[in-house]
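The residues making up each chain are set out below.
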Amino acid sequence: MASVSLSGVHKRFGDTHVVRGVDLDIADGEFLVLVGSSGCGKSTLLRMLAGLEQPSSGSIAIGGRVVNDVAPRDRDIAMVFQSYALYPHMTVRENMGFGLKVRGAAAPEIDAAVADAARVLDIVHLLDRKPKEMSGGQRQRVAMGRALVRKPKVFLFDEPLSNLDASLRGQMRVELKRLHAKLGVTTVYVTHDQVEAMTLADRIALLDKGVVQQVGTPAELYDWPANRFTARFLGSPGMNFVEAELRDGRVFAPGVDVPVVAELLAEGTTDGPVWIGVRPHDLRLEVGGAAGAIEAEVDVLEPMGWETHAHLRVGDARWTARFDAADAASLTPRGRVRCSVAPRSARLFARDDERALYRAPGPT
Ligand SMILES: Nc1ncnc2c1ncn2[C@@H]1O[C@H](COP(=O)(O)OP(=O)(O)OP(=O)(O)O)[C@@H](O)[C@H]1O
Ligand SMILES: [Mg+2]
C-alpha cells in the first residue's frame, strides 16, 4: 500500500487551464473521493496519477516516490473505468489474468491470483463466461477483478458505477465499501455523484474548475462547508439560500429573522450583506401560530409518504423544506407557513466571495 501526494499540480491543454494548482495528500489506505461537476478536471487529475497524462507543472508522488517520469505500468496502480473495456473474445478468467500474462507471470501464479480475486468479488461462477453473457453489474465486477489481481498499491476509479441502473449502483456502492474495508488499498475514486462521494469517502476533495474547493470528511463538508459552492454541491434537496443582511447580531431578509451564533462567526466578520443558508431538514414547521424565524408562502407540496417536501417562497427565493408528513397535512398551496430554524444549524456566507462566515466549532 502507499500514500499519494500531489503538489502544485497544473494541467494545460493548449490555452485551456484544466487543473489549476492542486495540492492533495492521500494517506496510506485512505478512500479519497474526487467529486465535482462535469468538466471540472476530475478525470484529468486521475489520469495524471495513472501516468496517462503528464502534469504541465507540479509533482506527483506515490508511496513517497515522485512518479512524474515513471511509466504507467511501473506505478503500481490499477485503474477501473466507467466503460469496463473487457476483451469480448476472452472469458472472465482470461480477462482477469491478461494483465499478469503480458507481464510474463507464470500460469500457476495467474490462476491463483484470478481465483483469489474471483472469490473476493463473488464471481467464481462466472469465470468461464464471456462478457456478452453477463449483466452490466457482473461486467463491472470483472473489471474490478482485473484490477484486483494486479495487487496494486493504489486503486484509481473513474466513475465506475455510472453505467449501472440506480438499484445496482446502490448495491455496488455497498460492495465497494466492503471491499475497501477488507483490502485497505489506497483508493482515489472519481465521481460527479454526491451520494457516492458522501457514502464511500473517508475524505472528499471537491473540485470546481480545476481548483480544490474543500477537502475533508463527508460530515465536515456537509456540516461546515467552506464556501457556498460546497454548501450547494452536497445534499439533496440542496441547501436553501437567500440574500440577507447581518446587523446587530441578527440576520435579516424579507420573511427571515435569525439570531447569529457569535462564537461561530469567523474573525473580522462585520455587519453587511451576507447569504444565509438553511438545509431543508433544518426547517421546522411551527404549528399553532408561534412566531417563526422564517415566514414563507407555500408553492407546491410533494408528499413522499414518510415526509413531505414543501416548496416555499421566502421573499424572492425558492426554498425547499422537508416536513414531517403529519405536520404538513394541514398545509395548502398558496397558504402561509411559519418555520423555525435552530440558529446553530443556519449557515452564513459572504456575499462577495461566498466564503463561509461560520466556522466549525473546535473540539470541545
Ligand atoms: N486531451 C485533451 N485536450 C484538450 N482538452 C481536454 C483534454 N482532456 C480533457 N480536456 C478538457 O479538460 C476539461 C476537464 O476534463 P475532464 O475529463 O478532466 O473533466 P471531468 O471532471 O472528468 O468531467 P466528466 O465528469 O464529464 O467526466 C474539459 O473541459 C475537457 O474538455
Ligand atoms: Mg471524467
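In this text the structure is predicted, and so the values were computed from the model without any measurement.

What counts, and where the lines are drawn
Residues numbered from 1 in each chain as written. Chains lettered and ligands numbered in written order. Predicted model: local features only at pLDDT ≥ 70, side-chain atom pairs only at ≥ 80, totals over all residues. Pairing = 2+ DSSP bridges. Helix = DSSP H or I, 4+ residues; strand = E, 2+ residues; numbered from the N terminus. Axes fitted to C-alpha atoms, helices over the stretch in contact; angles between N-to-C directions. Buried ≥ 20, exposed ≤ 12 C-beta atoms within 10 Å, placed from the backbone. Contact = placed C-beta atoms within 7 Å. Near = placed C-beta within 6 Å. Nonpolar A, V, L, I, M, F, W, Y, C, P; charged D, E, K, R; others polar.

A. Broad picture of the sheet that holds strand β7 (residues 154-158). Taken together, six strands build an open sheet; the order of strands is β6-β7-β8-β3-β9-β10 and the sheet is mixed. Either end of the sheet is taken by a strand with one partner, and the two such strands are β6 (77-80) and β10 (211-216). Between one strand axis and the next, the sheet turns through 15° on average, direction left out of account. Both β7 and strand β8 (residues 186-191) contribute to a ladder of five bridges, which runs parallel. Its bridge partner lying in β8, phenylalanine 157 is registered against tyrosine 189.

B. Molecular detail of the environment of leucine 32. Relative to the helices and strands, leucine 32 is located in strand β3 (residues 31-35). For leucine 32, a count of 21 C-beta atoms within 10 Å translates into the label buried. C-alpha of leucine 32 to C-alpha of arginine 203: the two residues are 171 residues apart in sequence and 5.1 Å apart in space. Once residues lying within four places of it in the same chain are set aside, the contact partners of leucine 32 are Ile26, Thr187, Val188, Ala201, Asp202, Arg203 and Ala205.

C. Structural context of the sheet that holds strand β5 (residues 65-66). Sheet architecture is open: four strands sit in the order β2-β1-β4-β5, paired in antiparallel fashion. Of all the strands in the sheet, the pair left with one neighbour each is β2 (16-26) and β5. When strand β4 (residues 57-62) meets β5, the two strands line up antiparallel, connected through two bridges. Bridged to alanine 61 within β5 is valine 66.

D. How the structure looks around the site of ligand 1. Inspection of the region around ligand 1 gives Phe13, Thr16, Val18, Gly36, Ser38, Gly39, Cys40, Gly41, Lys42, Ser43, Thr44 and His192 as its neighbouring residues. Elements with a contribution of two residues or more to the shell around ligand 1: β2 and α1 (42-50). The element contributing the most residues to the shell around ligand 1 is α1, with three residues. Residue classes in the shell around ligand 1 are distributed as three nonpolar, eight polar and one charged.

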